[in-house]
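Read off the chains here:
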Amino acid sequence: MKRALVVGGANGIGLAIATELAKRDNCERVYIVDKAIVRDEHKNAKFKCVQFDLTQSDYSLFDSFNDIDTLMITAGFGRLALFRDINEENISTYFNVNTIPVLRIIKHFYGKLESNTDFYCGVMVSIAGFMSSPFFSVYSATKAALKVFIESVNVELIKAGSSNRILNVSPGSIKGTAFNNGETVLDSITPLATEIIRHLENKDDLFIPQYDEIFKNVLLRYHNDFRAEGLHSYEYKSKKIALN
């Protein structure tokens, strides 16, 4: 991993991944593409930052990063809200930030993915993409689309004879990130960033943090009765909102 591109790397888990990569002696450059800017206290000599709004139509910028061997896409947002309370125009915004940019960016680097040269690629998805998620209905739809896209393209890569894979990173809530208007606390998320990089290097296709501790049973309950688990999720989020 000599040169990496982290899309959405100005804060949160993206910044933590970029920071951990930059600490490596063999890492020469970490490009960060984000609508936001990296705060002064988080800047690094190996960072090269480019401001870019993922909702714009021209993605030719990504053709300028042909020297990378690592691509990590972490951009995305979500807000707890019932579907009835989401404005119609925000539905498009969700997909235009969380989903469509991932497909478009990976399209620009698909030649590297399909080649015989090592290329490490990962996407922050969400456990919400694996099950019904009331209060996150549109968000979970954007992530479910990514889940199936990644699974489908990975099969194509296998059939093309490539050893490269797209890593689906699907956590639950992550403390210490800017998600849902939070603040980035690097010390809190560095261990997760390190784990993500390890799975990237292994060319794994799926990483669900806390799978054995939490999500193995959650996914089993969902598989056995998705209606009951959906209701359980609704009640859990309702209590969480009430506490806030």
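Presented here is an overview of the structure given in this document.

The rules behind these values
- Residues numbered from 1 in each chain as written.
- Predicted model: local features only at pLDDT ≥ 70, side-chain atom pairs only at ≥ 80, totals over all residues.
- Heavy atoms only, no water.
- Helix = DSSP H or I, 4+ residues; strand = E, 2+ residues; numbered from the N terminus.
- Rg over C-alpha atoms; globule rule 2.2 N^0.38 Å.
- Buried < 20%, exposed > 50% of the residue type's maximum accessible area, 1.4 Å probe, protein only.
- Contact = heavy atoms within 4.5 Å.
- Areas by Shrake-Rupley, 256 points an atom, 1.4 Å probe, with all protein chains shown as cover.
- Lys, Arg positive; Asp, Glu negative; His and termini not counted.
- Charge placed at Lys NZ, Arg CZ, Asp CG, Glu CD.
- Salt bridge = Lys/Arg side-chain N within 4 Å of Asp/Glu carboxyl O.
- Phe/Tyr/Trp six-rings, centres within 6.5 Å; stacked < 30°, edge-to-face > 60°.
- Lys NZ or Arg CZ within 6 Å of the ring centre and 35° of its normal.
- Pairing = 2+ DSSP bridges.
- Right-handed = clockwise from strand over helix to strand, strands pointing away.

**Quick look at the overall build of the protein**
- Counting its regular elements, the protein contains 8 helices and 7 strands.
- Here the C-alpha atoms of the protein give a radius of gyration of 18 Å, agreeing with the 18 Å that 2.2 N^0.38 yields for 244 residues.
- Summarising its shape, the C-alpha atoms of the protein cover approximately 50 × 45 × 35 Å along the three principal directions.
- Counting the 244 residues in the protein, one finds 47% classified as buried.
- Residue pairs at least 24 apart in sequence account for 71% of intrachain contacts in the protein once pairs closer than 6 positions are excluded.
- Total accessible area on the protein is roughly 12,600 Å²; 51% of this is exposed by carbon and sulfur atoms.
- Between the centroid of the 28 positive side chains of the protein and the centroid of its 29 negative side chains there is a distance of 1 Å.

**Some thoughts on the pattern of salt bridges**
- If you walk through the whole model with that rule in mind, you get 12 salt bridges.
- A salt bridge links D53 to K35; its shortest N-O distance comes to 3.9 Å. In this pair, D53 sits in the loop between β3 (47–51) and β4 (70–73) while K35 sits in the loop between β2 (29–34) and β3, placing the two residues 18 residues apart along the sequence.
- In the salt-bridge network here, residues are joined through shared partners; they are R3, E28 and D67.

**Brief notes about the packing of aromatic side chains**
- Applying the stated rule across the entire model yields 10 aromatic pairs.
- When the ring of F62 is compared with that of F65, the centres are 6.3 Å apart and the planes differ by 55°; the resulting orientation is tilted.
- The exposure class assigned to F65 is buried, which follows from its relative accessible area of 3%.
- Between the aromatic rings of F77 and Y94, the centroid separation amounts to 4.4 Å while the plane-to-plane angle is 25°, which identifies the pairing as stacked. Of the two residues, F77 sits in the loop between β4 and α2 (88–98) while Y94 sits in helix α2, which places them 17 residues apart along the sequence.
- Its end group placed over the ring of Y59, R104 keeps NZ or CZ at 3.8 Å from the ring centre.
- One Lys or Arg, K147, reaches over the ring of F130 and ends 5.1 Å from the middle of that ring.

**With respect to the pairing of strand β5 (residues 120–124)**
- Here β5 lies mainly inside the structure; 5 of its 5 residues are buried.
- Residue alternation in β5 divides its side chains into two sets, Y120, G122 and M124 and C121 and V123, and both sets are buried.
- Sheet topology note: the β5/strand β6 (residues 166–169) ladder contains 4 bridges and is parallel. Along β6, the bridge assignment pairs C121 with I166.
- Handedness of the crossover is the feature at issue here: the chain leaves β5, passes through helix α5 (residues 137–159), returns alongside β6, and the resulting connection is right-handed.

Just geometry here; none of it tells us what the structure is for.
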